[in-house]
Amino acid sequence: MKKTYRIEVDCANCANKMEDAAKKTKGVKDASVNFMALKMKVEFEDGVDEKEVMQDVIKNCKVVEDDSVIYLD
Ligand SMILES: [Zn+2]
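Residues numbered from 1 in each chain as written. Predicted model: local features only at pLDDT ≥ 70, side-chain atom pairs only at ≥ 80, totals over all residues.

**Focus: the overall build of the protein chain**
Now for step 1: Within the protein chain, the secondary structure is distributed over two helices and four strands.
Now for step 2: Going from the N terminus to the C terminus, the protein chain shows its helices and strands as β-α-β-β-α-β.
Now for step 3: On C-alpha atoms alone, the protein chain measures out to a radius of gyration of 11 Å, which is about the 11 Å that the 2.2 N^0.38 rule sets for 73 residues.
Now for step 4: In terms of principal-axis extent, the alpha carbons of the protein chain reach across some 35 × 20 × 20 Å.
Now for step 5: Among the 73 residues that make up the protein chain, the fraction classed as buried is 29%. (Helix = DSSP H or I, 4+ residues; strand = E, 2+ residues; numbered from the N terminus. Rg over C-alpha atoms; globule rule 2.2 N^0.38 Å. Buried ≥ 20, exposed ≤ 12 C-beta atoms within 10 Å, placed from the backbone.)

**Here's the deal with the nonpolar core**
Grouped burial of nonpolar side chains is what soluble globular proteins tend to show.
Now for step 1: One finds Met18, Ala22, Met40, Val42 and Val57 to be the most contacted residues of the largest nonpolar core, which totals 18 residues.
Now for step 2: When contributions to this core are tallied by element, the ones reaching two or more residues are strand S1 (2-8), helix H1 (12-23), strand S2 (28-34), strand S3 (39-44) and helix H2 (50-64).
Now for step 3: Leave out the neighbours within four places in its chain, and methionine 40 touches Tyr5, Ile7, Met18, Ala22, Ala31, Val33 and Ile70. (Core = buried A, V, L, I, M, F, W, Y, C linked by C-beta atoms within 7 Å. Contact = placed C-beta atoms within 7 Å.)

**So, the sheet that holds S2**
Now for step 1: Taken together, the four strands give an open sheet; going across it, the order is S2-S3-S1-S4, and neighbouring strands pair in antiparallel fashion. Only two strands of the sheet have a single neighbouring strand rather than two, namely S2 and strand S4 (69-71). The sheet shows a mean angle of 30° between the axes of neighbouring strands, direction not considered.
Now for step 2: Two elements, S1 and S3, share five bridges in a ladder whose sense is antiparallel. Bridging from a neighbouring strand, tyrosine 5 pairs with methionine 40 of S3. (Pairing = 2+ DSSP bridges. Axes fitted to C-alpha atoms, helices over the stretch in contact; angles between N-to-C directions.)

So yeah, pure geometry; function would need other evidence.
Structure follows, in structure tokens:
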């Protein structure tokens, strides 16, 4: 399952950091951040609750980039 989220981040460098943090999150198979479009695409592992996984993605992104925002709507 893949989902795309709107994000806020201040520069391409931080976008890369968010991408790495998302990729390392448990339950995430793959993630990519498009800084120009301010979008994060997340591919989830089979059978996970994507809402729970995204809470961890947000947490992990906050660790690497305090100003990062991911919109879950
Ligand atoms: Zn930055």
